[in-house]
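A look at the structure
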Amino acid sequence: MTGRVYLERGHPVTVVIPYCARRAPDITGAWLHFQWPGRPPVAGPRNVAIRRTDGSIVVRPFRGLTRSAPHDSEDG
């Protein structure tokens, strides 16, 4: 993910520091008879540091960044 180029509102940005996906802590012990209803909790928001074309580095959520579509070749 580091070094990849994504689009932020149509403008290219480069990921400088990716998010760290960690598991949620296991707070249920063998002595505690509890199960999370539905899905268990996950780590918080996935923030990344990005470098914009003007050189500024900003930390923002990864959500909303999109990969640019590969360009179609214009061969006959």
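These notes cover the structure that comes with them. Just so you know, these numbers come straight off a predicted model, no measurement behind them.

Looking at the pairing of strand 2 (residues 11-17)
Direction of pairing for strand 1 (residues 5-8) relative to strand 2: antiparallel, over a ladder of four bridges. What sits directly across from E8, in strand 2, is H11. Taken together, strand 1 and the strand that follows it, strand 2, pair antiparallel across an intervening segment of two residues, in which R9 is found at a positive phi of about 55°. The sheet contact formed by strand 2 and strand 3 (residues 47-51) spans three bridges and is antiparallel.

Observations concerning the side chain of R60
Here R60 shows up in strand 4 (residues 57-61). Overall, the relative accessible area of 15% leaves R60 in the buried class. There is a polar contact of 2.7 Å between the side chain of R60 and the backbone oxygen of R63. When near neighbours in sequence (up to four residues on either side) are disregarded, R60 contacts E8, R46, N47, V48, I50 and L65.

Regarding the pattern of salt bridges
Inspection of the entire model under this criterion finds two salt bridges. The salt bridge involving E8 is made with R52; its shortest N-O contact spans 3.0 Å. One end of the pair, E8, is in strand 1; the other, R52, is in the loop between strand 3 and strand 4, and 44 residues separate them in sequence. Take R52: its relative accessible area is 29%, and that puts it in the partly exposed class. Here the salt bridges share partners, and the residues they tie into one network are E8, R52 and R60.

So, how was this worked out
- Residues numbered from 1 in each chain as written.
- Predicted model: local features only at pLDDT ≥ 70, side-chain atom pairs only at ≥ 80, totals over all residues.
- Heavy atoms only, no water.
- Pairing = 2+ DSSP bridges.
- Helix = DSSP H or I, 4+ residues; strand = E, 2+ residues; numbered from the N terminus.
- Buried < 20%, exposed > 50% of the residue type's maximum accessible area, 1.4 Å probe, protein only.
- Polar contact = N/O pair within 3.5 Å; in protein donor to acceptor, adjacent residues only side chain to side chain.
- Contact = heavy atoms within 4.5 Å.
- Salt bridge = Lys/Arg side-chain N within 4 Å of Asp/Glu carboxyl O.

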